[in-house]
Amino acid sequence: MKITLTNRRKWLLGAGAAVLLTARPSFALFGIGDIVFDPTSYASLVSQLTTLESQYNMLKNNITHFSAKQQWQTTLHALENVNVANMFGETAGMSIALNTNSPSASSTAWKAATVTMNGSAPTYLASQSLGSSRTSQLAMIETADSVSPDCLTAVGQYRASRSENGTANSSLLSQQFDNTDSTNSEVQQLNLLNASEAQRLSEMQSQGTLQTCLASQMTVANMERRNAHVEDLNTAVFVQQQRSANDTSAANESSTWQTYLP
């Protein structure tokens, strides 16, 4: 009995070994393939593929050209030169001052176009106290004589700069709206943007000079208006004082103040 059980056991072990040696890999899912399907891994691979595709499309767009940039194009209006009439030399140098960066031309033009002060004025003004109407007028004249030539120069400088920068502006504009691959890579487009911002900064600085000139001229104009109003008030006070001190009635003409200001 022991011999029979032992032989049977050996036979079962031998048959099992033979099956293991000859068996093919088992099918994991419906008999197709031998890899277990993992939905989580599959979703991750799809997501990675989508990301790579997006990055590829972005890089492709960065190195290819834009095809519709004319929708951003604007017109650059040229600033024409001004030509001031000069019949008797009264505006000598004015056209040069308004069209070029020439401080000497601005100074010459301003002196030629303004009233010359009397040669005896310094002697008369020396006797006037500070804060009087005459010294205030002198201060306004001196301020205007200082500010106005600078404004002429600023205008001329702006006109000259616009003319000098015309070539650079036109070149940048043509490259910005160029549809070929030579100017449409990502780096080239960024360089164009930087150049555009540099031109914008230069234009803003030039206009800042003009705005400074306008503020200076407004200061002189305000000084003139302020002095005029003070003169009116001072005249009103003076008249009132004279009316109180001097009889102006027709019944007493013998004592009427002869220098009365009506």
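Before reading further, recall that the structure is shown in the block above.
It should be emphasised that the depicted structure is a prediction, and the values quoted were computed from it without experimental measurement.

Rules and cut-offs
Residues numbered from 1 in each chain as written. Predicted model: local features only at pLDDT ≥ 70, side-chain atom pairs only at ≥ 80, totals over all residues. Heavy atoms only, no water. Helix = DSSP H or I, 4+ residues; strand = E, 2+ residues; numbered from the N terminus. Buried < 20%, exposed > 50% of the residue type's maximum accessible area, 1.4 Å probe, protein only. Areas by Shrake-Rupley, 256 points an atom, 1.4 Å probe, with all protein chains shown as cover. Disulfide = S-S within 2.5 Å. Contact = heavy atoms within 4.5 Å. Polar contact = N/O pair within 3.5 Å; in protein donor to acceptor, adjacent residues only side chain to side chain. Core = buried A, V, L, I, M, F, W, Y, C linked by side-chain atoms within 4.5 Å. Salt bridge = Lys/Arg side-chain N within 4 Å of Asp/Glu carboxyl O. Axes fitted to C-alpha atoms, helices over the stretch in contact; angles between N-to-C directions. Left-handed = near helix turned anticlockwise from the far one by under 90°. Nonpolar A, V, L, I, M, F, W, Y, C, P; charged D, E, K, R; others polar. Parallel < 35°, antiparallel > 145°, perpendicular 65-115°, else oblique.

Trainee: Whenever I open this one, the overall build of the protein confuses me. Can you help?
Mentor: The number of helices and strands found in the protein is eight helices and zero strands. Overall, the protein shows an N-to-C arrangement of helices and strands of α-α-α-α-α-α-α-α. Relative to its 262 residues, the protein shows a buried fraction of 16%. Of the roughly 20,000 Å² of accessible surface on the protein, 59% is carried by carbon and sulfur atoms.

Trainee: Please explain the state of the cysteines as it appears in this structure.
Mentor: Should the sulfur atoms of two cysteines be covalently bonded, the bond is a disulfide. All chains considered together, the criterion is met by one disulfide. For Cys151, the disulfide goes to Cys213, at an S-S distance of 2.0 Å. As the torsion about the S-S bond is roughly 130 degrees, the Cys151-Cys213 disulfide counts as right-handed. Linking Cys151 in helix α6 (residues 133–164) with Cys213 in helix α8 (residues 186–245), this pair joins segments that are 62 residues apart in sequence. Of the two residues examined, Cys151 and Cys213, each falls in the buried class.

Trainee: Explain the side chain of Arg159 here, please?
Mentor: Tracing the sequence through the fold places Arg159 in helix α6. Judged by relative accessible area, Arg159 falls into the buried class, the value being 18%. Once residues lying within four places of it in the same chain are set aside, the contact partners of Arg159 are Leu79, Glu80, Asn81, Val82, Leu98 and Asn99.

Trainee: I'm lost on the side chain of Ser148 in this one. Help?
Mentor: Tracing the chain through its elements places Ser148 in helix α6. With a relative accessible area of 5%, Ser148 lands in the buried category. There is a polar contact of 3.4 Å between the side chain of Ser148 and the side chain of Gln217. Those residues within four positions of Ser148 in sequence are excluded, and the remaining contacts are Trp110 and Gln217.

Trainee: What is the right way to look at the nonpolar core in this model?
Mentor: General note: in soluble globular proteins, nonpolar side chains tend to be found buried as a group. In this structure, Met94, Ala97, Leu98, Ala105, Ala109 and Leu152 together form the largest nonpolar core, which totals six residues. Elements represented by at least two residues in this core include exactly α3 (94–99) and α4 (103–113). When residues in this core are grouped by element, the largest group, three residues, is from α3. Setting aside anything within four residues of it in sequence, one finds Ala109 in contact with Ala92, Gly93 and Met94.

Trainee: What exactly am I supposed to notice about the pattern of salt bridges here?
Mentor: In a structure, side chains of opposite charge can pair up when their charged atoms sit close to one another. Per the counting criterion, the structure on display carries one salt bridge. Here Arg200 makes a salt bridge to Glu197, at a shortest N to O gap of 3.6 Å. In this pair, Arg200 and Glu197 are both assigned in helix α8, three residues apart and thus about one turn of the helix distant. The class for Arg200 is partly exposed, based on a relative accessible area of 46%. The exposure class assigned to Glu197 is partly exposed, which follows from its relative accessible area of 45%.

Trainee: I'm lost on the environment of Cys213 in this one. Help?
Mentor: For Cys213, a relative accessible area of 11% gives the class buried. Put simply, Cys213 and Val155 are 58 residues apart on the chain and 8.9 Å apart in space, counted from C-alpha to C-alpha.

Trainee: Just checking my understanding: could you explain the packing of helix α7 (residues 166–176) against α8 for this structure?
Mentor: Two packed helices can be described by the angle between their axes and the distance between those axes. Relative to each other, α7 and α8 sit at 145 degrees, their axes nearing to 11 Å. The handedness of the crossing between α7 and α8 is left-handed. From α7, Ala168, Asn169, Leu172, Gln175 and Gln176 reach across to α8, where they touch Leu192, Ala195, Ser196 and Gln199. Residues of the contact of α7 with α8, tallied by class, amount to four nonpolar, five polar and no charged.

Trainee: Quick question: what am I supposed to make of the packing of α6 against α8 here?
Mentor: Where α6 meets α8, the axes come as close as 9 Å, and the angle between the chain directions of the two elements is 160 degrees. Relative to α8, α6 is oriented roughly antiparallel. The handedness of the crossing between α6 and α8 comes out as left-handed. Considering only residue class, the contact of α6 with α8 consists of 12 nonpolar, 10 polar and four charged.

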